[in-house]
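The residues making up each chain are set out below.
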Amino acid sequence: MRQTSVEQADHSEPGIERLLGRNGIRLGEPQLRRLAWLARRFGAPTVWDHGAQPEANQGFAIVIDPPNGARADLLCRSLHDGSVVAIPFGENPGFDFLKSKLTDFGTIGACGIDYPHELWWGGLGCPMPRLDGAAVAKAPRVVSCHPAGLGENYARRLKQSLARFELEFDIEPIDAVFDDRMFGFEKADFVARMWDRHGGPLLFVEADAVLQAPPLLPARLGCDFAAHRWNRWEMSARTIYFGNSTIAESLLRTWQDLSATYPSVWDGYLLDQAWSLTSSQMPLDTVWLPRSYHALVGDVDVNTDPRAAIVHNLPTTSFDLGPDPDFSDVARGARRAGRTGARDSLLVVNSQAPSESGVTVILRDIEASGARTIAARIEAVTDAFAADCGGFGRLELSLCPWKEDVRAAKEAARNANNRVIEIAPWQELSGDLFRSFARSPAAGHVRAVTDRRG
């Protein structure tokens, strides 16, 4: 196996693209832009193959093959607190073990049918890249709301802290269903109303929180969306950033629509589902905020660490924020790895066909195949759909390492009235995959796939 580096003088997107192309990786423009951004801050990247010997004290590593336990330990020992790791095939569960040993900083969703991969980036030790000299084009407007029944003084401490840092803000009492708490749809409607009034970027903070430092990290990172994940999997709706982009607005509108449709479901879970839906259809640039943006009033560090930016009026607890800790158990493993799970599609794309019919492709048995093999199969499916959609109006692609994942994906497909194609990594796709499948009986299964094992 080999190990190659891009020239130190070339941290541009074309330079990164050439490096990745030599290693059989194709990423979209937003993902290349993020990698170039990382290269300018951490140095020229090193591509780390499955069998390569990691360089000691490396600043920026791009990992393209899932390492086993020993290799993952070797790679992590070669890093330092200021290192960053990027995984171009972040959708592959084979990387989950390596991710579990790192702190995940962010993801960028698949960039459409031509670039159907998720980019993951993270690091070791520090909670987020150091950005002391990074410029902020526009500080976010901080917005917050609370039930009018709590009184005008409820958000007094938040207002005082915002005024101290000279930040623009809107804090409003709203006519909520209950006097002492809000439904998720009330919060989502408020944030959408603030977007209509001001545009982005917006930072929503719960009205009982206090700022101890200017919350400029998301703006400095130039992302579309930022939130904190409790216990590394459950998305909290107490600190939410929406950047100044059409993708950020699309996520916000999706969250608002889901909240209106399911008013009894808690806001964090619906925000998670909006994130999953948006990531499967757009290159959503997500940053996972460190604990300093979701510090709790009971945390010891709040009193000793001035870097705690946002402190929420919650006691320190190891329990989940959501009212039902078992509600989204199926998503936990995937969310801890910063990716969509089997029930959530990796990619959703529409064709030009005037049809409402959809097809779900399930790529199964992927735990025993290499990352490049899985990536090649993903690209083969999207290339086939782009060449001939077979009259289907929509393609949904799911990765399923386990049988229970296949069952979950099939259930989701049935709920969407989609037809299903199951494909294993060792199976060769025919050139007219979707056209042949569309002509097969409705109950037909994988009729346009041949098995290379004979």
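What counts, and where the lines are drawn
- Residues numbered from 1 in each chain as written.
- Predicted model: local features only at pLDDT ≥ 70, side-chain atom pairs only at ≥ 80, totals over all residues.
- Heavy atoms only, no water.
- Helix = DSSP H or I, 4+ residues; strand = E, 2+ residues; numbered from the N terminus.
- Expected span 1.5 Å × (residues − 1).
- Buried < 20%, exposed > 50% of the residue type's maximum accessible area, 1.4 Å probe, protein only.
- Contact = heavy atoms within 4.5 Å.
- Pairing = 2+ DSSP bridges.
- Right-handed = clockwise from strand over helix to strand, strands pointing away.
- Phe/Tyr/Trp six-rings, centres within 6.5 Å; stacked < 30°, edge-to-face > 60°.
- Lys NZ or Arg CZ within 6 Å of the ring centre and 35° of its normal.
- Core = buried A, V, L, I, M, F, W, Y, C linked by side-chain atoms within 4.5 Å.
- pLDDT = per-residue confidence, 0-100.
- Axes fitted to C-alpha atoms, helices over the stretch in contact; angles between N-to-C directions.
- Parallel < 35°, antiparallel > 145°, perpendicular 65-115°, else oblique.
- Left-handed = near helix turned anticlockwise from the far one by under 90°.
- Nonpolar A, V, L, I, M, F, W, Y, C, P; charged D, E, K, R; others polar.

## Some details on helix H12 (residues 371–387)
Because an α-helix completes one turn every 3.6 residues, residues spaced three or four positions apart along the sequence face the same direction.
Now for step 1: Here H12 spans 24 Å end to end across 17 residues, near enough to the 24 Å set by a 1.5 Å rise per residue.
Now for step 2: The set of residues buried in H12 consists of Ala371, Ile374, Ala375, Arg377, Ile378, Glu379, Val381, Thr382, Ala384 and Phe385.
Now for step 3: Taken together, the buried residues of H12 touch strand E16 (347–350), strand E17 (358–364), strand E18 (394–400), strand E19 (419–423), strand E20 (427–429) and helix H14 (433–439).

## Considerations on the sheet that holds strand E15 (residues 310–312)
Now for step 1: If you trace the three strands from one edge of the open sheet to the other, you get E10-E15-E14, paired in mixed fashion. Looking at strand neighbours, the two that pair on one side only are strand E10 (210–211) and strand E14 (295–296), the edges of this open sheet.
Now for step 2: Pairing of E10 with E15, which is carried by two bridges, proceeds in the antiparallel orientation. If you follow Leu211 over to E15, its bridge partner there is Ile310.

## Some details on the pairing of strand E8 (residues 169–174)
Now for step 1: Both strand E7 (residues 141–147) and E8 contribute to a ladder of six bridges, which runs parallel. Within the sheet, the bridge partner assigned to Pro147 lies in E8 and is Ile174.
Now for step 2: Taking the sense of rotation as the criterion, the β-α-β connection linking E7, helix H5 (residues 156–164) and E8 turns out right-handed.

## Observations concerning the packing of aromatic side chains
Now for step 1: This structure, assessed with the given rule, holds 10 aromatic pairs.
Now for step 2: Residues Phe242 and Trp255 carry aromatic rings whose centres are separated by 6.3 Å and whose planes lie at 25° to one another, so their mutual orientation is stacked. One end of the pair, Phe242, is in strand E12 (residues 234–242); the other, Trp255, is in helix H8 (residues 246–261), and 13 residues separate them in sequence. Trp255 carries the same exposure label as Phe242, and that label is buried.
Now for step 3: A centroid spacing of 5.9 Å and a plane angle of 55° characterise the contact between Trp266 and Tyr269, whose relative ring orientation is tilted. Tyr269 carries the same exposure label as Trp266, and that label is buried.
Now for step 4: Through a chain of ring-to-ring contacts, three or more aromatic side chains come together here, namely Trp37, Phe105 and Trp121.
Now for step 5: Its guanidinium or amino end placed over the ring of Trp37, Arg34 lies 4.8 Å from that ring's centre, counting from NZ or CZ.
Now for step 6: Lying over the aromatic face of Phe437, Arg419 brings its terminal NZ or CZ to 4.3 Å of the ring centre.

## Quick word on the nonpolar core
Now for step 1: The biggest cluster of nonpolar side chains holds 60 residues, and the ones touching the most others in it are Leu35, Phe60 and Trp121.
Now for step 2: Looking at which element gives the most residues to this core, the answer is helix H2 (residues 29–42), with seven residues.
Now for step 3: Among the nonpolar cores identified, the runner-up in size contains 33 residues, and Phe190, Trp195, Leu258 and Trp266 belong to it.

## Things to note about unusual backbone geometry
Now for step 1: Cis rather than trans, the peptide bond between Gly200 and Pro201 has omega equal to 0°.
Now for step 2: Note on placement: Pro201 falls in the loop between helix H6 (184–198) and strand E9 (202–205).
Now for step 3: Positioned with a positive phi, Asp365 is a non-glycine residue whose angle comes to about 55°.
Now for step 4: For Asp365, the location among the structural elements is in the loop between E17 and H12.
Now for step 5: On the basis of relative accessibility, which here comes to 25%, the residue Asp365 falls in the partly exposed class.
Now for step 6: Its identity is not glycine, yet Asn417 carries a phi of approximately 60°, on the positive side.
Now for step 7: Look at Asn417 and you get exposed, because its relative accessible area is 68%.

## With respect to the confidence of the model for the chain
Now for step 1: Averaged over every residue, the pLDDT of the chain is 86; residues scoring 70 or more account for 85%.
Now for step 2: The low-confidence segment residues 443–448 (pLDDT under 50) makes 19 contacts with residues lying over four places distant or belonging to another chain.
Now for step 3: Note on residues 450–454: pLDDT is under 50 here. Beyond four places in sequence and across chains, it has 10 contacts.

## Some remarks on the packing of H8 against helix H9 (residues 267–281)
Now for step 1: For the pair H8 and H9, interaxial distance at closest approach is 9 Å and the crossing angle is 130°. Comparing the axis directions of H8 and H9 gives the class oblique. Handedness of the H8/H9 crossing: right-handed. Along its contact with H8, which presents Ile247, Ser250, Leu251, Thr254, Trp255, Leu258 and Ser259, the element H9 presents Asp267, Leu270, Leu271, Gln273, Ala274, Trp275, Leu277 and Thr278.
Now for step 2: Tallied by class, residues from the contact of H8 with H9 come to nine nonpolar, five polar and one charged.

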